[in-house]
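Residue-level structural notes
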Amino acid sequence: MIDTMDMQITKVKRSKIKDLDFENLPFGKYFSDHMLEADYVNGEWQNVSIKPYQPIMFEPSLVALHYGQAIFEGIKAYKNPAGEAFIFRPYDNFKRFNLSAERMQMPVIPEEIFIEGMRTLIDIDKDWIPAKEDYSLYIRPVMFATDTAIGVKPSETYKFLILLSPTGPYYAQPMKIYVEEKYTRAAPGGVGFAKNAGNYGGSMYATAIAKKQGYDQVLWTDCLEHKWLHEVGTMNIFFIIGNKAITPSLDEGTILDGVTRSSAMTILEELGFTVEERRINIDEVIEAYKKGTLTEVFGTGTAATISPIKELKYKDFVMEFDTNGWKTAPQVKKILTEIREGKREDKYGWLFKV
Ligand SMILES: *Cc1c(COP(=O)(O)O)cnc(C)c1O
């Protein structure tokens with residue numbers, strides 16, 4: 001077992017934080033002073049270190065580039081009004097990271113490195129967590145195969161990194177979504193439930209086509225009929241129909257088990273909705289829209305939290321919503337944001353103190 005006390009820590013000589021314009025923090029553009037690094041060699045994790053954020057050099061034969069054994073996570077840290085730092089539900093991301101690792105035939109990472117390493121890294125760079133409403137520190141754990149020999153087989157060596165990126169408010173504009181009827185993101189038995197790099201590479205072509213037609217993202221559907229709804233980009237999806245909040249179920253392994261999805265389900269129940277996790281078909285959505293019982297559609301994800309959908313297009317049928325009059329999505333967002341920023345009781349134990 002790795003003892004985090006053995007972690008080698010090298011700090012920067014001069015912090016870059018003074019160069020940072022906290023008023024202008026686009027998502028994922030700037031990185032903090034330090035990063036965590038660990039190597040999987042000879043069947044165990046070793047060389048756990050925190051060091052200045054810096055480039056890494058590899059041979060061109062790095063197998064992660066050729067065969068795609070690469071997985072990641074996305075987590076956020078916040079400061080409460082007293083200035084204390086918290087990470088939101090990191091154990092959920094830790095479990096999901098290891099599920100992704102298993103599916104991609106990669107080694108699992110111990111809690112000592114993922115959680116305790118993250119905590120130590122954030123403690124060192126805690127000045128990088130903006131103490132402002134709607135600001136946060138985005139945490140990006142990533143693992144990839146580092147063997148350098150061309151041949152399709154599981155790598156014997158891997159690198160694990162944690163990067164930190166301060167981010168400003170993500171004022172999600174209501175989105176226009178195209179219901180995909182040709183391309184497929186995930187099929188039963190595939191890797192849809194894993195946060196592996198290839199899922200994103202594979203989704204860009206269909207998204208680019210939708211963008212050309214004026215849509216922001218596609219809503220992925222099942223691979224056979226293109227009618228059963230999956231998820232959007234890096235967001236899970238919710239439909240408010242009458243007193244029900246419906247979100248596609250995870251049973252087939254085609255959808256990412258979002259932490260924001262899980263948090264939203266809890267809050268929706270608290271708000272009095274009947275939450276249903278089940279298969280949902282575009283025909284049911286269209287029928288509810290026509291009857292006027294479909295009132296809100298929104299996406300959930302760590303980056304934007306809750307993103308209202310103002311237009312949903314399936315074949316020639318366009319569903320439009322006036323998001324200004326919505327009550328549910330803004331309320332879920334408000335409650336979730338207040339819990340994350342320590343302004344509302346954390347009754348579900350979602351905050352992890354740094
Ligand atoms: C990361 C991600 C989500 C959202 O997960 P959260 O844990 O809520 O951030 C949803 N779908 C996909 C495909 C994702 O990659």
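What you see is a predicted model, and the numbers here were worked out from it, not measured in a lab. (Residues numbered from 1 in each chain as written. Predicted model: local features only at pLDDT ≥ 70, side-chain atom pairs only at ≥ 80, totals over all residues. Heavy atoms only, no water.)

1. Looking at the domain arrangement of the protein
- Once the domains are mapped, the protein shows domain 1 (8-169) and domain 2 (175-332).
- Placing the centre of domain 1 and that of domain 2 at their C-alpha centroids yields a distance of 28 Å.
- The interface of domain 1 with domain 2 comprises 18 residues on the first partner and 17 residues on the second.
- Summing both partners gives a buried area of about 1,400 Å² for domain 1 against domain 2, and 61% of it is carried by carbon and sulfur.
- Across the contact surface, domain 1 and domain 2 share 0 salt bridges.
- At the boundary of domain 1 with domain 2, the tally comes to 10 residue pairs in polar contact (both at pLDDT 80 or more). (Domains from an automatic or database assignment. Contact = heavy atoms within 4.5 Å. Buried area = accessible area lost by both parts, 1.4 Å probe. Salt bridge = Lys/Arg side-chain N within 4 Å of Asp/Glu carboxyl O. Polar contact = N/O pair within 3.5 Å; in protein donor to acceptor, adjacent residues only side chain to side chain.)

2. A few points about helix α8 (residues 328-340)
- Taking 1.5 Å of rise per residue, the 13 residues of α8 would be expected to cover 18 Å, and the 18 Å separating its terminal C-alpha atoms lies within 8% of that figure.
- Turning to α8, its buried residues are Thr328, Ala329, Val332, Ile335, Leu336, Thr337, Glu338, Ile339 and Arg340. (Helix = DSSP H or I, 4+ residues; strand = E, 2+ residues; numbered from the N terminus. Expected span 1.5 Å × (residues − 1). Buried < 20%, exposed > 50% of the residue type's maximum accessible area, 1.4 Å probe, protein only.)

3. Points about the environment of aspartate 92
- Within the secondary structure, aspartate 92 sits in helix α2 (residues 90-103).
- Exposure remark for aspartate 92: the relative accessible area of 29% places this residue in the partly exposed category.
- Spatially, the C-alpha atoms of aspartate 92 and serine 262 are 9.9 Å apart, while their sequence positions differ by 170 residues.

4. Structural notes on the nonpolar core
- If you look at the biggest cluster of nonpolar residues, it comprises 51 residues, and the most contacted ones within it are Ile122 and Phe160.
- Setting aside anything within four residues of it in sequence, one finds phenylalanine 160 in contact with Leu36, Glu37, Ala38, Trp45, Phe97, Ile109, Ile113, Phe114, Pro141, Val142 and Met143.
- Counting residues in hydrophobic clusters, the runner-up holds 46 residues, among them Phe238, Ile246, Ala288 and Ile309. (Core = buried A, V, L, I, M, F, W, Y, C linked by side-chain atoms within 4.5 Å.)

5. Let's talk about the packing of aromatic side chains
- Here the structure, examined in full by the defined rule, presents 20 aromatic pairs.
- On the basis of an interplanar angle of 70° and a centroid distance of 5.6 Å, the ring pair of phenylalanine 97 and phenylalanine 160 is categorised as edge-to-face. Taken together, the positions of phenylalanine 97 in helix α2 and phenylalanine 160 in strand β8 (residues 158-167) put the pair 63 residues apart, joining distant regions of the chain. Per residue, the accessibility class of phenylalanine 97 equals that of phenylalanine 160, and both read buried.
- An aromatic cluster of three or more residues is present, and its members are Tyr40, Trp45, Phe94, Phe97, Phe114, Tyr158 and Phe160.
- One cation-aromatic arrangement involves lysine 176 over tyrosine 215; the distance from NZ or CZ to the ring centre is 5.4 Å. (Phe/Tyr/Trp six-rings, centres within 6.5 Å; stacked < 30°, edge-to-face > 60°. Lys NZ or Arg CZ within 6 Å of the ring centre and 35° of its normal.)

6. Some words on the environment of alanine 38
- Tracing the backbone through its elements, the reader meets alanine 38 in strand β2 (residues 34-41).
- For alanine 38, a relative accessible area of 0% translates into the label buried.
- Sequence separation between alanine 38 and lysine 159 is 121 residues; the distance between their C-alpha atoms is 5.9 Å.
- Contact partners of alanine 38, with chain neighbours within four places excluded, come to Trp45, Gln46, Asn47, Val48, Ile113, Tyr158, Lys159 and Phe160.

7. Comments concerning the pattern of salt bridges
- Counting across every chain of the model gives 24 salt bridges.
- Across the pair arginine 89 and aspartate 92 runs a salt bridge whose closest N-O atoms are separated by 3.3 Å.
- The exposure class of arginine 89 is buried, given its relative accessible area of 10%.
- Arginine 278 is the partner of glutamate 284 in a salt bridge, and the nearest nitrogen-oxygen pair spans 2.8 Å.
- Given the relative accessible area of 29%, glutamate 284 is considered partly exposed.
- With relative accessibility at 24%, the residue arginine 278 sits in the partly exposed group.
- Counted as one network, the salt bridges with shared partners bring together Glu37, Asp39, Lys51 and Lys159.

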